[in-house]
Amino acid sequence: MAIEVRIPTILRNYTDGAKAVEGGGATLDELFTDLEGRHPGLRDRLVDDKGLRRFVNVYLNDEDVRFLGGLETKVSDGDTVTVLPAVAGG
Amino acid sequence: MLMIERAIVDQIIAHARADHPDEACGVVAGPIGSDRPTRFVRMANAERSPTFYRFDSMEQFQVWKEMDDRDEEPVVIYHSHTATEAYPSRTDVSYASEPNAHYVLVSTREADETEFRSYRIVDGEITEEEVSIVEAGESDSVN
């Protein structure tokens, strides 16, 4: 078992078009670092030097990780992580 | 080209009018790959602002999951401008993140007239497109 990460359309150029990829790690931060090894450039679209990018929503199972622990949120095998770009504008 | 039923256009405009002077936002879902959306979904503007909008993250998650289960996508993503024309702002372009969506802009700056326009926004580039408004069940354009 691994952690399933669901990728939005706009980031599928980093995953050869795959809608979902798998990875491992104890925290979201480790998971994103693990994914970066196979999908170079992906991490940079999710994280900046202050943490999760402001206009990217990341959900662990059914919860927004901003209300959990952000990048330090604990993850484990069997979890599903969903990435959705925020829909926003002016 | 965006083909959209008059009843859905009316719902979008009614939402924009109801929330004026704050910006209103939402999606119209439709089958994946389609240019004719079918299911109107009014969303909360988490910013409750006259100059900015952002979908509530949990509501977005639920709505996106529902679309996924129904083999739908956000064919239209709409929002209103309440003091300026119905043309994408710089902010709209920088956050546009659904390359397959028709971005509908509605302007409620005039009390008696509502501008309704549609755009593609891909890689920072805005392309306006024709909007064909059809009656329910109709397959061809009447505009």
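Up top is the structure.
The rules behind each value
Residues numbered from 1 in each chain as written. Chains lettered and ligands numbered in written order. Predicted model: local features only at pLDDT ≥ 70, side-chain atom pairs only at ≥ 80, totals over all residues. Heavy atoms only, no water. Buried < 20%, exposed > 50% of the residue type's maximum accessible area, 1.4 Å probe, protein only. Helix = DSSP H or I, 4+ residues; strand = E, 2+ residues; numbered from the N terminus. Arc of directions from axis to C-beta. Expected span 1.5 Å × (residues − 1). Polar contact = N/O pair within 3.5 Å; in protein donor to acceptor, adjacent residues only side chain to side chain. Pairing = 2+ DSSP bridges.

Draft legend 1. Quick peek at helix 1 (residues 28-38) of chain A. Buried within helix 1 of chain A we find A:Leu28, A:Leu31, A:Phe32 and A:Leu35. Across the axial projection of helix 1 of chain A, the buried residues extend over an arc of 95°, all falling on one side.

Draft legend 2. Up close: helix 2 (residues 57-69) of chain B. All names here are of chain B. Given a rise of 1.5 Å per residue, 13 residues ought to cover 18 Å, and the 18 Å separating the end C-alpha atoms of helix 2 matches this to within 8%. Along helix 2, the residues classified as buried are Ser-57, Gln-60, Phe-61, Val-63, Trp-64 and Met-67. Here helix 2 starts with a cap whose side-chain oxygen sits 3.2 Å from the backbone nitrogen of Met-58, and that cap is Asp-56. In the segment just after helix 2, Asp-71 is the residue with positive phi, at about 55°.

Draft legend 3. The pairing of strand 6 (residues 102-110) of chain B, seen in detail. Residues and elements named next belong to chain B. Of all nine residues that make up strand 6, seven are buried, and the element is covered over most of its length. Summarising the sheet, strand 5 (residues 72-81) and strand 6 pair through six bridges and their orientation is parallel. Within strand 6, the position partnered with His-79 by the bridge is Leu-105. Note: strand 6 against strand 7 (residues 113-122), six bridges, orientation antiparallel. Paired with Val-104 across the strands is Ser-118, a residue of strand 7.

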